Amino acid sequence: MTSEKIKGLVAATVTPMKANGEVNLPALDSYVKHLEKQGLAGVFVNGTTGEGLLMTSDERKAVAEAWMAYKDKFKVMVHVGGTSYAAAVDLARHAEKIGADAISAMGPCFLPPSRAEELVAFNKIVAAAAPGTPFYYYHIPGTSHVNVSMLDFLKLGEKEIPTLRGIKYTTYDSMTMQECIAYRGGYYDILHGHDETILTGLMLGATGGEFLLQRSVLRHQCGEIHLRSFLHRCG
C-alpha cells in the first residue's frame, strides 16, 4: 500500500443519470473529456456530489467500475460509506478488488456517533475490508451530522486502522484542520474539501484538495493565480 500524498486537485464527480433516475454510464466519456482539461490529480466517486448514499449498492459498484476505465488519467478514490456496516464493508471490498487508488467513508448519518472512539470503531471495520488500499475518513459534518474532533480521530485511528492515510476535510473549522495537517510532522494527507476556502487551505499547508469544479471559485482570476502557484509548489 502506498503512503504517497495526493498532490493537486481531486474532482467531486457527479453521477450522470437519465430522466427516469437510472444511472447513465455512457455519459461518462464526455464528462471525462471536460475533467481532463482541468489538470486534475484524481476523482472522488460516489461521494456527496455523486449522490452515492441515494444509490443502491449495485449502482455504486457499477459507477466505480466505470470510473476505473479512466484510471490512466486520474487517481480514483471511491466513497464506500453508509449507515450499514455490511453494505460499507461490501463496497470497500469491491473497491479494492477493482483496483481503486483509495477508499473513503463518512460516519453513519443515522444515529451519528458523538465520540471519536465510536467513529473509529465504525471505520475500522470498513477499512479492514480493503487491507491493501489507503483509507481516508470523509469529514463532512454539515451533511453527515457526525461532528467529532478530527485530531482525536487521527490519534485514535492510527492505532486501530492500519490503512488510515488521511481525511477528506470538508468543513470550515480551519483551526482543527491546521492541527491535523501538523500532526506527526505532517504525516497524514489532509485534503481540503471546500471550493470557497481554497486559499485558506493552501495557507494552512494543504497539498491536495477536493472540489466541485463545475461551480468552483477557482474559475475566478484570483483563484486561478493562486492555483497555478499551488500546483507549481506541489510538483
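Residues numbered from 1 in each chain as written. Predicted model: local features only at pLDDT ≥ 70, side-chain atom pairs only at ≥ 80, totals over all residues. Heavy atoms only, no water.

Undergrad: Any chance you could explain the overall build of the protein chain here in plain terms?
TA: Helix and strand counts for the protein chain come out as nine helices and eight strands. Expressed as a percentage of the 235 residues in the protein chain, the buried residues total 52%. Taking the contacts inside the protein chain whose residues are at least 6 apart along the sequence as the reference set, 71% of them involve residues at least 24 apart. Carbon and sulfur atoms provide 54% of the accessible area of the protein chain, an area that totals close to 10,700 Å². (Helix = DSSP H or I, 4+ residues; strand = E, 2+ residues; numbered from the N terminus. Buried < 20%, exposed > 50% of the residue type's maximum accessible area, 1.4 Å probe, protein only. Contact = heavy atoms within 4.5 Å. Areas by Shrake-Rupley, 256 points an atom, 1.4 Å probe, with all protein chains shown as cover.)

Undergrad: Explanation requested: helix α1 (residues 28–36) in the structure shown.
TA: What α1 keeps buried is the set L28, Y31, V32 and L35. Projected down its long axis, α1 carries its buried residues within an arc of 100°, all on one side. Every exposed residue of α1 that faces more than 90 degrees away from the buried side is listed here: S30 and K33. (Arc of directions from axis to C-beta.)

Undergrad: It is not clear to me how helix α6 (residues 150–160) should be interpreted in this structure. Could you clarify?
TA: Because each turn of an α-helix spans 3.6 residues, side chains separated by three or four positions end up pointing in the same direction. Within α6, burial applies to M150, L151, F153, L154 and G157. One side of α6 carries all its buried residues, which in axial view fall inside an arc of 150°. For α6, the N-terminal capping position is held by S149, with its side-chain oxygen 3.4 Å away from the main-chain nitrogen of L151. (Polar contact = N/O pair within 3.5 Å; in protein donor to acceptor, adjacent residues only side chain to side chain.)

Undergrad: Just to check I follow, could you spell out the packing of aromatic side chains for this structure?
TA: Aromatic ring pairs are reported here in terms of the distance separating the ring centres and the angle at which the planes meet. Evaluated as defined, the whole model comprises seven aromatic pairs. Ring centres 4.9 Å apart and planes at 35° place the aromatic pair Y137 and F153 in the tilted group. Taken together, the residues span a long stretch of sequence, with Y137 in strand β5 (residues 135–139) and F153 in helix α6 at a distance of 16 residues. Considered together, Y137 and F153 belong to a single accessibility category, that of buried residues. Taken together through their ring pairs, the aromatic side chains of Y31, W67 and Y70 make up a single cluster. Positioned above the aromatic ring of Y187 is the side chain of R165, whose terminal nitrogen or guanidinium carbon lies 4.9 Å from the ring centre. (Phe/Tyr/Trp six-rings, centres within 6.5 Å; stacked < 30°, edge-to-face > 60°. Lys NZ or Arg CZ within 6 Å of the ring centre and 35° of its normal.)

Undergrad: It is not clear to me how the pattern of salt bridges should be interpreted in this structure. Could you clarify?
TA: Pairs may arise between side chains of opposite charge once their charged atoms sit close together. Taken as a whole and judged by the stated rule, the model has eight salt bridges. Notably, a salt bridge pairs E36 with K73, separated by 3.3 Å at the nearest N-O pair. With E36 in helix α1 and K73 in the loop between α2 (57–68) and β3 (75–79), this residue pair connects regions lying 37 residues apart in the sequence. Residue K73 is classed as partly exposed on the basis of its relative accessible area of 37%. (Salt bridge = Lys/Arg side-chain N within 4 Å of Asp/Glu carboxyl O.)

Undergrad: Please explain the environment of G186 as it appears in this structure.
TA: Locating G186 in the fold gives a position in the loop between α7 (174–182) and β7 (189–192). Residue G186 is classed as buried on the basis of its relative accessible area, which comes to 17%. Each C-alpha atom of the pair G186 and A206 lies 9.7 Å from the other, and the pair is 20 residues apart in sequence. Contact partners of G186, with chain neighbours within four places excluded, come to K5 and I181.

Undergrad: Can you walk me through the confidence of the model for the protein chain in this structure?
TA: Any region with low pLDDT has predicted coordinates that should not be read closely. Mean pLDDT for the protein chain: 86, with 82% of residues reaching 70 or above. For the protein chain, the element scoring lowest by mean pLDDT is helix α9 (residues 221–234), at 50; α6 scores highest, at 98. Of the regions scoring below 50 in pLDDT, residues 214–223 engages in 23 contacts with residues more than four places distant in sequence or in other chains. (pLDDT = per-residue confidence, 0-100.)

Undergrad: Would you mind going over the nonpolar core with me for this structure?
TA: In summary, soluble globular proteins display a tendency toward joint burial of nonpolar side chains. Ranked by internal contacts, the top residues of the largest apolar core, which has 57 residues, are W67, V80 and I190. With residues near it in sequence (within four places) discarded, V80 still touches R60, A88, L91, A92, A95, I103, S104, A105 and V126. Counting residues in each nonpolar core, the second largest holds eleven residues, with A41, F44, A102 and Y136 among its members. (Core = buried A, V, L, I, M, F, W, Y, C linked by side-chain atoms within 4.5 Å.)

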